[in-house]
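So you can see what is in the structure, the chains are spelled out below.
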Amino acid sequence: MKYKYANTESGVRRFVICRRNIMNNPLESARQQLTEVQSILKINPNIFERLLYPERMIEVAVAVTMDDGTTKVFTGYRSQHNNARGPYKGGIRFHLGVTRGEVMALSMWMTWKTAVVDIPLGGGKGGVVVDAKKLSDRELEALSRGYMRAIFPLVGKNQDIPAPDVSTDARVMGWMLDEYETLSRESSSGVITGKPLSLGGSLGRDYATAQGAFYVLERAAAKLHLGKVATVAIQGFGNGGGHLARMLEKAGYRVVAIADSKSTVYRSGGLDVKEVDEHKRVTGTLKTCVGCEKLPSEAVLSLPADILVPAALENALHAGNANAVQAKLIVEIANGPTTPEAEEILLGKGITVVPDILANAGGVVVSYFEQVQNAMNYFWTEAEVNVKLKEKMETAFEAVWNEKERYNTSVRMGAYALAVKRVAQAMQDRGRI
Ligand code: NAD
């Protein structure tokens with residue numbers, strides 16, 4: 001299924017769905033998922049039409065003086081999809097693959113994510129087209145500050161609250177916070193989340209995405225009667241995938257495969273995650289070990305494992321490789337790792353897919369907790385944060401599962417049904433129809 005513009009009888013150009021070979025375009029996937037849930041929910045068509053588009057999308061040019069004295073201009077975006085339930089909220093990604101459409105899709109997914117876990121925030125997302133690994137620390141800081149200066153008029157703790165995403169971290173958030181406060185001439189730690197602890201960050205935020213995914217994975221595994229003996233394959237060994245691998249190993253699961261962008265390491269009896277971690281930290285590569293196989297990066301998706309966790313980038317699972325998946329359960333830490341075509345194939349094979357908007361929402365939940373703590377100027381212990389996170393994630397999981405059963409649909413559509421109804425209600429109550 002794919003979208004195209006068509007002129008309606010009234011002359012208004014609308015998105016309509018047409019069936020033809022799909023390209024792996026995150027915005028098309030996001031719109032297709034929304035259209036699919038609309039066929040079940042039938043919300044007010046005017047609200048549906050609005051939800052296909054971000055409310056605001058800006059493109060910025062960020063000039064950076066490089067270490068060699070030349071100036072480079074980087075293209076950046078900030079998409080504000082919907083703020084009916086609260087201020088726009090979403091990360092900032094530094095990656096060469098960032099596009100206007102990708103940022104729009106990611107902002108739409110943030111709207112659903114904050115609604116699924118029922119926190120009073122909307123959906124936004126930002127990105128800069130850059131290979132951050134090629135920048136020196138000074139250049140990275142200049143880019144981070146320059147991007148914040150460019151989006152400054154749109155950002156605020158009651159307007160739009162950024163956070164880290166791919167290739168951005170607490171250090172980057174610290175620079176951005178400092179730039180924001182310099183421009184606004186007031187202390188405003190709640191304007192950005194995922195900050196260093198010294199600047200008002202929350203305990204537990206650095207691993208919150210993985211922790212939330214862990215709680216959801218445990219619930220889903222229980223529904224499918226997969227015990228702790230279950231084997232797990234993880235694509236992506238960064239903030240999300242790396243922390244989850246450590247948590248799963250500690251909880252007794254066998255992590256049999258881990259992939260980064262270069263390769264996969266696999267051992268059917270289970271990897272020593274600590275060893276893989278140590279080696280990656282020191283050498284930057286995944287280690288082969290006694291009894292391990294080193295395979296191409298994409299191999300991780302089709303290895304024998306009960307649970308597959310895509311934790312890298314969008315479109316990892318597509319029509320060309322979905323048939324090869326052997327897992328019974330997929331838990332999406334990455335945003336948009338499964339194209340709609342792939343999902344159709346996976347569901348046809350009886351595989352349960354726990355979608356990104358539920359599975360990776362732990363990060364935004366603890367970002368919300370960070371804001372709450374900033375507003376109170378009073379901070380919780382790590383244990384308090386995790387107890388509250390567990391409660392939020394498990395409540396959301398059960399609510400999604402109920403929607404899935406109610407509409408006799410997939411877990412993804414169950415999550416969409418829950419989220420879209422909540423957002424549509426807020427829009428209705430505001431008279432935004
Ligand atoms: P990260 O930059 O810390 O790590 C990404 C990992 O993916 C790295 O190990 C990288 O080598 C690997 N990778 C990249 N391309 C790959 C490929 N083609 N095949 C295999 N591995 C590949 O990023 P992250 O913060 O862990 O984010 C990963 C995904 O999770 C993204 O989609 C992001 O939007 C999503 N996510 C992250 C958070 C968070 O709090 N970090 C929250 C919600 C969603």
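Parameters and conventions
- Note that residues are indexed from 1 along each chain, following the sequence as it is written.
- Since the coordinates come from a predicted model, pLDDT governs what is reported: local features require at least 70, and pairs of side-chain atoms require 80 or more to be given and counted, while whole-chain, interface and lining totals use all residues.
- Excluding hydrogens and water, the side-chain figures rest on all heavy atoms present in the structure.
- Secondary structure counts use DSSP, requiring at least four H or I residues in a row for a helix and at least two E residues in a row for a strand, with both numbered from the N terminus.
- Restricting the calculation to C-alpha atoms gives the radius of gyration, and the globule rule supplies 2.2 Å times the number of residues raised to the power 0.38.
- Burial here depends on accessible area, computed with a 1.4 Å probe over protein chains only, as a share of the maximum for the residue type. Under 20% is buried, over 50% is exposed, and the range in between is partly exposed.
- Any two residues whose heavy atoms approach within 4.5 Å at even a single point are treated as in contact.
- All accessible areas in this document rest on Shrake-Rupley with a 1.4 Å probe, and a residue is counted as covered only by the protein chains that are shown.
- Only four residue types enter the charge count, namely Lys and Arg as positive and Asp and Glu as negative; His and the chain termini do not.
- Just so you know, the charge point we use is NZ for Lys, CZ for Arg, CG for Asp and CD for Glu.
- Here, a salt bridge means any side-chain nitrogen of Lys or Arg that lies within 4 Å of a carboxyl oxygen of Asp or Glu.
- If even one non-hydrogen atom of a residue comes within 4 Å of a molecule or strand, that residue is called near it.
- Residues adjacent in sequence count toward polar contacts only when both atoms are side-chain atoms; beyond that, a polar contact is any pair of N or O atoms within 3.5 Å, and within protein one must be able to donate a hydrogen and the other to accept it.
- Under this grouping Gly is polar, as are all residues other than the nonpolar Ala, Val, Leu, Ile, Met, Phe, Trp, Tyr, Cys and Pro and the charged Asp, Glu, Lys and Arg.
- To obtain each axis, a line is fitted to C-alpha atoms, and for helices this fit is confined to the stretch in contact; angles are then taken between N-to-C directions over 0 to 180 degrees.
- Angles below 35 degrees are treated as roughly parallel, those above 145 as roughly antiparallel, those between 65 and 115 as roughly perpendicular, and all remaining angles as oblique.
- Less than a right angle of anticlockwise turn of the near helix away from the far helix marks a crossing as left-handed, whereas a clockwise turn marks it as right-handed.

Colleague: Sorry, what's going on with the overall build of the chain here?
Modeller: What the chain contains, in helices and strands, is 13 helices and 14 strands. At 21 Å, the chain has a C-alpha radius of gyration in line with the 22 Å of a compact globule built from 433 residues. Dimensions of the chain along its principal axes, counting C-alpha atoms only, are 55 × 55 × 45 Å. Burial analysis of the chain (433 residues in total) assigns 58% to the buried set. Considering only contacts within the chain whose residues lie at least 6 apart along the sequence, 66% involve residues at least 24 apart. Summing over all exposed atoms, the chain offers an accessible surface of approximately 17,700 Å²; the carbon and sulfur share of this is 50%. Both charge centroids of the chain, one from 53 positive and one from 47 negative side chains, sit 3 Å from each other.

Colleague: What is the right way to look at the pattern of salt bridges in this model?
Modeller: Think of it this way: side chains of opposite charge can pair up when their charged atoms draw near. Applying the stated criterion to the full structure yields 30 salt bridges. The salt bridge involving Arg 100 is made with Glu 59; its shortest N-O contact spans 3.6 Å. In this pair, Arg 100 is assigned in helix H3 (residues 100-116) and Glu 59 in strand E3 (residues 56-65), connecting sequence segments 41 residues apart. For Glu 59, a relative accessible area of 49% puts it in the partly exposed group. Ionic contacts of the salt-bridge type, sharing partners, join the residues Arg 93, Glu 102, Lys 125, Asp 165 and Glu 314 into one network.

Colleague: Please clarify how the site of the ligand should be interpreted in this entry.
Modeller: Taken together, 21 residues form the shell around the ligand, and within it Arg 93, Thr 209, Asn 239, Gly 240 and Asn 335 come nearest. Within the backbone of Gly 238, a nitrogen or oxygen atom sits 3.3 Å from an oxygen atom of the ligand. A distance of 2.8 Å separates an oxygen atom of the ligand from a polar backbone atom of Gly 240. For the ligand, the accessible surface in isolation is 820 Å², of which the surrounding protein chains cover 81%. In terms of residue class, the shell around the ligand is built from 6 nonpolar, 11 polar and 4 charged.

Colleague: Can you help me understand the packing of helix H4 (residues 137-151) against helix H5 (residues 170-184) in this one?
Modeller: How two helices sit against one another is set out by the angle between their axes and by the gap between those axes. Contact pair H4 / H5: the axes reach a minimum separation of 9 Å and the direction vectors enclose 45°. One finds that H4 runs oblique with respect to H5. Every pair of crossing elements has a handedness; the one defined by H4 and H5 is right-handed. Contact residues: Asp 137, Leu 140, Glu 141, Ser 144, Arg 145, Tyr 147, Met 148 and Arg 149 in H4; Arg 171, Val 172, Trp 175, Met 176, Asp 178, Glu 179, Tyr 180 and Leu 183 in H5. A breakdown of the residues in the contact of H4 with H5 according to their chemical character gives 8 nonpolar, 1 polar and 7 charged.

Colleague: Any chance you could explain the packing of H3 against helix H13 (residues 411-430) here in plain terms?
Modeller: Where H3 contacts H13, the two axes come as close as 8 Å, and the packing angle between them is 90°. Viewed along their axes, H3 and H13 adopt a mutual orientation that is roughly perpendicular. Between H3 and H13, the residues in contact are Trp 109, Thr 111, Trp 112, Ala 115 and Val 116 and Ala 415, Tyr 416, Leu 418, Ala 419, Val 420, Arg 422 and Val 423, respectively. When the residues that make up the contact of H3 with H13 are grouped by side-chain class, the tally is 10 nonpolar, 1 polar and 1 charged.

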